[in-house]
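# Remarks on the overall topology
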Amino acid sequence: MIPAVMFDLDETLFDRSSSLRIFIQQQFLRIAIGRFRNFNELADRFLQLDNRGRVSKRDVYRTIVDEIGSSNEHLAGDLFDDYEVNAWRYARPFEDTRDTLLWLRNAGIKTAIVSNGQTHIQLRTLLALNLDRLVDTYLISEQEGCRKPDAAIFLKAAERLSVKVEDCLFVGDSPEADILGARSVGMRTVWFPNGAEWPHAYSFEPSATISRLQELRPIIEHWHRA
Ligand SMILES: [Mg+2]
């Protein structure tokens, strides 16, 4: 029996790149004038520079504005401020996020979200998606003072759910933060790549790989029977 399933947030429960793409297109329509008119290309460039959330948005905007060649010296700062205030309004879950979490709850399996990032950004997203109502607990690295792949945050999450860490299952898109991290504390792991690549240097594999969240259910049911 798997007593608890833990999830990463960005690109696992939250369809971050699609959400961000829509926000960026709308943002440049609203704020940035200039010779840049291809909003789709602009969103591609933003997501490329963002590198799945690894790069500071302040730096991403600075580069974008340089590339646009804007003479407005406040533009990058204005766009960044607007991102902090408004990006969450465009947050969308994956289409089976809610059903997956409801199934787990009905099956008596505890759930947690373990997310790396700044509290104010991650929390707004989490609340916008109603995820606080759908999981038992959530841990955000900034407020916890530790981050994936460090063991400490996985141990805290298990403790908060009152389960043994080695009995848990972790689902995430990042091979390092999610899969390596959870594996190192003895959890089973499910990789939901969403475009991420498995590092050639890794000599291990996740316990399972899915292409949609709804594929979790048969995997968990199989493990329960085994
Ligand atoms: Mg992620």
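Sequence positions are assigned chain by chain, starting from 1 and proceeding in written order. The predicted nature of this model means local features are confined to residues of pLDDT at least 70 and side-chain atom pairs, given and counted, to a pLDDT of 80 or more, with totals for whole chains, interfaces and linings taken over all residues. In computing side-chain values, all of the structure's heavy atoms are included and hydrogens and water are not.

## A closer look at the coordination of the magnesium ion
Note the cut-off: Any nitrogen, oxygen or sulfur atom within 2.8 Å of a metal ion counts as a donor, with the limit raised to 3.2 Å for Na, K and Ca, and since water is left out, coordination shells can look unfinished. To sort residues, take the accessible area from a 1.4 Å probe on protein chains only and compare it with the maximum for the residue type: under 20% means buried, over 50% means exposed, and anything in between is partly exposed.
Within the protein, the atoms that donate to the magnesium ion are Asp 8 (OD), Asp 10 (O) and Asp 173 (OD), at distances of 2.1 to 2.2 Å. Written as a sequence motif, the donor residues of the magnesium ion are D-x1-D-x162-D. With respect to burial, Asp 8 and Asp 10 carry one shared label: buried.

## What about the domain arrangement of the protein?
Think of interface size as the accessible area that goes away when the parts come together; that is how it is often given. The condition is simple: Segmentation of the chain into domains, including their bounds, is taken from an automatic or database domain assignment. We call two residues contacting when some pair of their heavy atoms lies within 4.5 Å. Here's the idea: put two parts together, see how much 1.4 Å probe accessible area each one loses, and the total over both is what we call buried area. Only one rule defines a salt bridge in this text: a Lys or Arg side-chain nitrogen within 4 Å of an Asp or Glu carboxyl oxygen. Note on residue categories: nonpolar means Ala, Val, Leu, Ile, Met, Phe, Trp, Tyr, Cys or Pro, charged means Asp, Glu, Lys or Arg, and polar means any other residue, Gly included.
Assigned domains within the protein: domain 1 (4-15 + 92-225) and domain 2 (16-90). Each of domain 1 and domain 2 was reduced to a C-alpha centroid, and the two centroids are 28 Å apart. In this assembly, 16 residues from domain 1 lie in contact with 11 residues from domain 2. Taken as a group, Glu 11, Arg 92 and Arg 124 account for 42% of the area that domain 1 buries against domain 2, more than any other trio of residues on that side. Counting every contact that joins domain 1 to domain 2 gives two salt bridges. Ionic pairing is found between Arg 52 and Asp 173, a salt bridge with its closest N-O pair at 2.9 Å. Broken down by class, the residue content of the side of domain 1 that touches domain 2 amounts to five nonpolar, five polar and six charged.

## With respect to the sheet that holds strand E5 (residues 188-191)
Here is the rule: What makes two strands pair is DSSP finding at least two bridges between them. By definition, any uninterrupted DSSP run of H or I lasting at least four residues is a helix, any uninterrupted run of E lasting at least two residues is a strand, and each is numbered from the N terminus. Between N-to-C directions, angles span 0 to 180 degrees; the directions come from axes that are lines fitted to C-alpha atoms, helices contributing only their stretch in contact.
One open sheet accounts for six strands, arranged E3-E2-E1-E4-E5-E6; its pairing is parallel. Each edge of the sheet is formed by a strand with only one pairing partner; in this case those strands are strand E3 (137-140) and strand E6 (208-209). Where strand E1 (residues 4-7) and strand E4 (residues 169-172) come together, three bridges link them in parallel fashion. Counterpart to Val 5 in the pairing with E4 is Leu 169. Where helix H5 (residues 97-106) meets the sheet, its contacts fall on E1 and strand E2 (110-115), and the angle it forms with E1 comes to roughly 160 degrees. Those strands touched by helix H6 (residues 119-128) are E2 and E3, and its axis lies near 150 degrees from that of E3.

## Observations concerning the nonpolar core
The line we're drawing: Residue types Ala, Val, Leu, Ile, Met, Phe, Trp, Tyr and Cys, when buried and joined through side-chain atoms within 4.5 Å, form a set referred to as a nonpolar core.
Counting residues in each nonpolar core, the largest one holds 29 residues, and the members touching the most others are Val 5, Phe 7, Leu 131, Leu 169 and Val 171. When contributions to this core are tallied by element, the ones reaching two or more residues are E1, H5, helix H7 (131-134), E4 and helix H11 (216-225). When residues in this core are grouped by element, the largest group, four residues, is from H11. If we ignore the near neighbours within four places in the chain, the residues touching Val 171 are Val 5, Met 6, Phe 7, Asp 8, Thr 12, Val 190, Phe 192, Ile 210 and Leu 216.

## A short note on the pairing of E5
The test is simple: Orient the strands so they point away from the viewer; a crossover is then right-handed if the path from the first strand over the helix to the second runs clockwise.
As paired elements, E4 and E5 share four bridges and run parallel to each other. Each bridged residue has a counterpart across the sheet, and for Val 171 the counterpart in E5 is Val 190. One crossover worth recording links E4 to the parallel E5 by way of helix H10 (residues 175-184), and it is right-handed. Direction of pairing for E5 relative to E6: parallel, over a ladder of two bridges. Its bridge partner lying in E6, Trp 191 is registered against Thr 209.

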